[in-house]
Structures are given as C-alpha cells and as structure tokens.
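Spelled out from the first residue to the last, the chains are:
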Amino acid sequence: MDALLVLGIPEGEARRAVEAVLQAGGEAGSTEALLRAALRQLDRTGRSPA
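These numbers come from a predicted model, not from an experiment. (Residues numbered from 1 in each chain as written. Predicted model: local features only at pLDDT ≥ 70, side-chain atom pairs only at ≥ 80, totals over all residues. Heavy atoms only, no water.)

Trainee: Is there a simple way to explain the overall build of the protein in this structure?
Mentor: Scanning the protein for helices and strands turns up three helices and zero strands. When the elements of the protein are put in sequence order from the N terminus, they spell out α-α-α. Within the protein, the proportion of its 50 residues that are buried is 22%. Looking at the protein alone, contacts between residues at least 24 apart form 45% of all its contacts between residues at least 6 apart. As presented, the protein carries roughly 3300 Å² of accessible surface, and 51% of it is formed by carbon and sulfur atoms. (Helix = DSSP H or I, 4+ residues; strand = E, 2+ residues; numbered from the N terminus. Buried < 20%, exposed > 50% of the residue type's maximum accessible area, 1.4 Å probe, protein only. Contact = heavy atoms within 4.5 Å. Areas by Shrake-Rupley, 256 points an atom, 1.4 Å probe, with all protein chains shown as cover.)

Structural data, given as structure tokens:
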C-alpha cells in the first residue's frame, strides 16, 4: 500500500483498492502483482494515479 501512497493515491482509496483485490482472490502472489491489480482497480473506479 505504501507504493500507492507514494504515487499520490489517498490512503482510503489505496486501502479500498488493495482490499478489493484481495477479496476477489487475485494477484496476491507478489507485491508487484498486487500493486498492478490495485492500480487496475483504481482505474476501474475512475481514480487515476497522480
């Protein structure tokens, strides 16, 4: 989640994106995969990285 914060994503949005990915049961194999999936989740919800 720290990587999302460094990119300028507000903490609440970052937390929700990571939780959504983990609840969906996907991309938890590596930190890189989780970060990519969280960024895709943010993109789907209309939030773009800063």
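Trainee: Even after reading the chapter, I still don't get the pattern of salt bridges, so can you show me in this structure?
Mentor: Side-chain pairs of opposite charge can arise where the charged atoms are in close proximity. Per the stated rule, a full pass over the model turns up two salt bridges. One salt bridge in this structure joins glutamate 11 and arginine 15, with 2.7 Å as the shortest N-O distance. You can see glutamate 11 and its partner arginine 15 sitting in helix 2 (residues 11–23), four residues apart, about one turn around the helix. Judged by its relative accessible area of 37%, arginine 15 is partly exposed. (Salt bridge = Lys/Arg side-chain N within 4 Å of Asp/Glu carboxyl O.)

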